[in-house]
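# Observations on the model geometry
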Amino acid sequence: MDEDVIPWLFTDSPGVLMWHWVTEHFAATIRGLELEADGLQDGQRNVRSYTWELADLIRSNQGIPRLLVEGRSREFDDAERRIREHVGKCYDPQLGYRGYAGPHAWTFALASGEEVDVREYRGSRCSVTVLMPDGSERTVAGDFSVDRYRWTLSTPDGRMEIVPEHVVRITNRSEAATRATQLARHSTYSGVGRLYREEPGPGCTGRPGFMVGTVDHVTPERCPVHEGAAVPFITG
């Protein structure tokens, strides 16, 4: 099992099933809305949906737990997974809750809706492509780390924060750059993602990179100029 078992306290009231997890730092609750239905056997329950919430007890609001996040799920397992995720991201690992979060503390939804576990990227040199407000894409590179709900890239120019929901793709040296050098070994390769120190020219399938005088390749196909024969270049 990747995560610890949550010590839920279960209560059963008419029409509502409730699970509580209370610590000195937060209170997590899942509520199951029960509906009456014909044909149910003994012990069966008809739960339409589950609502969940995480409230902070460290900085309460006039003595009332401060709501941090809430949502609705069709299944209990999904509601519990959301609780694990936000406990892992909201609270300092030194408080001892990271074991309950497991991989969910490192899983983020990208702009496409795809969920990515970024544990393998931590501490490595990464190339991150971000969707800009005007619909264009910008690729930035740096040493990757995670700060709760944000990603950070440490670059020679400073520390950059990135919202994962704005990210189109992320690659690091081990998964993408190494493959690129093995497949192409072009003399202008930058060592980052599929970025080359050269202007786009005839036959090149890339486009101007985030740095002046570079070309970046964002399509699945290999560039015939910089990456050899035009066969699919598998990313991810």
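Thresholds applied
Residues numbered from 1 in each chain as written. Predicted model: local features only at pLDDT ≥ 70, side-chain atom pairs only at ≥ 80, totals over all residues. Heavy atoms only, no water. Pairing = 2+ DSSP bridges. Helix = DSSP H or I, 4+ residues; strand = E, 2+ residues; numbered from the N terminus. pLDDT = per-residue confidence, 0-100. Contact = heavy atoms within 4.5 Å. Core = buried A, V, L, I, M, F, W, Y, C linked by side-chain atoms within 4.5 Å. Buried < 20%, exposed > 50% of the residue type's maximum accessible area, 1.4 Å probe, protein only. Polar contact = N/O pair within 3.5 Å; in protein donor to acceptor, adjacent residues only side chain to side chain. Axes fitted to C-alpha atoms, helices over the stretch in contact; angles between N-to-C directions.

### With respect to the pairing of strand S11 (residues 158–162)
Taken together, the five bridges between strand S10 (residues 150–155) and S11 define a ladder with antiparallel strand orientation. Pairing of Leu153 across the sheet is with Met160, part of S11. Hairpin connection, S10 to S11: the antiparallel pair is bridged by two residues.

### Things to note about the sheet that holds strand S15 (residues 215–216)
Across the sheet, three strands lie side by side as S13-S15-S14; this open sheet has antiparallel pairing. Edge positions in the sheet fall to strand S13 (195–196) and strand S14 (207–208), since each of these pairs with one other strand and no more. Taken together, the two bridges between S13 and S15 define a ladder with antiparallel strand orientation. Bridge pairing in S15 places Leu195 opposite Asp216.

### A look at the confidence of the model for the protein
The predicted model of the protein averages 83 in pLDDT, with 82% of residues at 70 or higher. Across the protein, element-level confidence peaks in helix H1 (residues 76–90) with a mean pLDDT of 96 and bottoms out in helix H3 (residues 173–183) with 49. Under a pLDDT of 50 for its full length, residues 180–185 has, in the predicted model, 12 contacts with residues more than four places off or in other chains. The low-confidence segment residues 229–236, where pLDDT is below 50, has 21 contacts with residues more than four positions distant or belonging to other chains.

### Here's the deal with unusual backbone geometry
For Gln62, which is not a glycine, the phi torsion comes out positive at approximately 55°. Structurally, Gln62 can be placed in the loop between strand S4 (47–61) and strand S5 (64–73). The backbone of Arg148 shows a phi angle near 60°, a positive value even though the residue is not glycine. Take Arg148: it is sitting in the loop between strand S9 (137–147) and S10.

### Some words on the nonpolar core
Judged by nonpolar contacts, the single largest core of 21 residues is most densely connected at Trp8, Trp21, Phe26, Ile30, Leu54 and Ile83. Counting only elements with at least two residues in this core, the list comes to strand S2 (16–22), strand S3 (26–34), S4 and H1. When neighbours within four sequence positions are excluded, Phe26 is seen to be in contact with Trp21, Leu54, Ala55, Asp56, Leu57, Val87, Tyr91 and Tyr97. Counting residues in each nonpolar core, the second largest holds 18 residues, with Tyr121, Phe144, Trp151 and Val167 among its members.

### Structural notes on the pairing of S10
One face of the sheet, then the other: side chains in a regular strand alternate in exactly this way. Bridge count between S9 and S10: five bridges; the pairing is antiparallel. Directly across from Asp147, in S10, lies its bridge partner Arg150. Here S9 folds back onto S10, and the loop between the two strands holds two residues, one of which, Arg148, carries a positive phi near 60°.

### Overview of the environment of Tyr91
Here Tyr91 is to be found in the loop between H1 and helix H2 (98–101). Exposure remark for Tyr91: the relative accessible area of 7% places this residue in the buried category. Counting along the chain gives 66 residues from Tyr91 to His25, while the straight-line C-alpha distance between them is 8.6 Å. What Tyr91 contacts, discounting residues up to four positions off in sequence, is His25, Phe26, Leu54, Ala55, Asp56, Ile58, Leu68, Tyr97 and Arg98. Separated by 3.3 Å, the side chain of Tyr91 and the backbone oxygen of His25 make a polar contact. Within the structure, Tyr91 has its side chain in polar contact with the side chain of Asp56 (distance 2.7 Å).

### Observations regarding the side chain of Glu80
By the element assignment, Glu80 lies in helix H1. Relative accessible area serves as the criterion here: at 15%, Glu80 is assigned to the buried category. Residues contacting Glu80, with those up to four places away along its chain left out, are Ile6, Trp8 and Ile30.

### Quick word on the sheet that holds strand S1 (residues 9–13)
Across the sheet, five strands lie side by side as S1-S2-S3-S4-S5; this open sheet has antiparallel pairing. A single partner strand is all that each edge strand has here, and the edge strands are S1 and S5. Each adjacent strand pair in this sheet contributes to an overall mean axis angle of 20°, direction not counted. Sheet analysis places S4 next to S5, joined by eight bridges and oriented antiparallel. Residue pairing in the sheet places Ala55 in a bridge with Leu67 of S5. The sheet contacts of H1 involve S2, S3, S4 and S5, and relative to S4 the element is tilted by about 20°.

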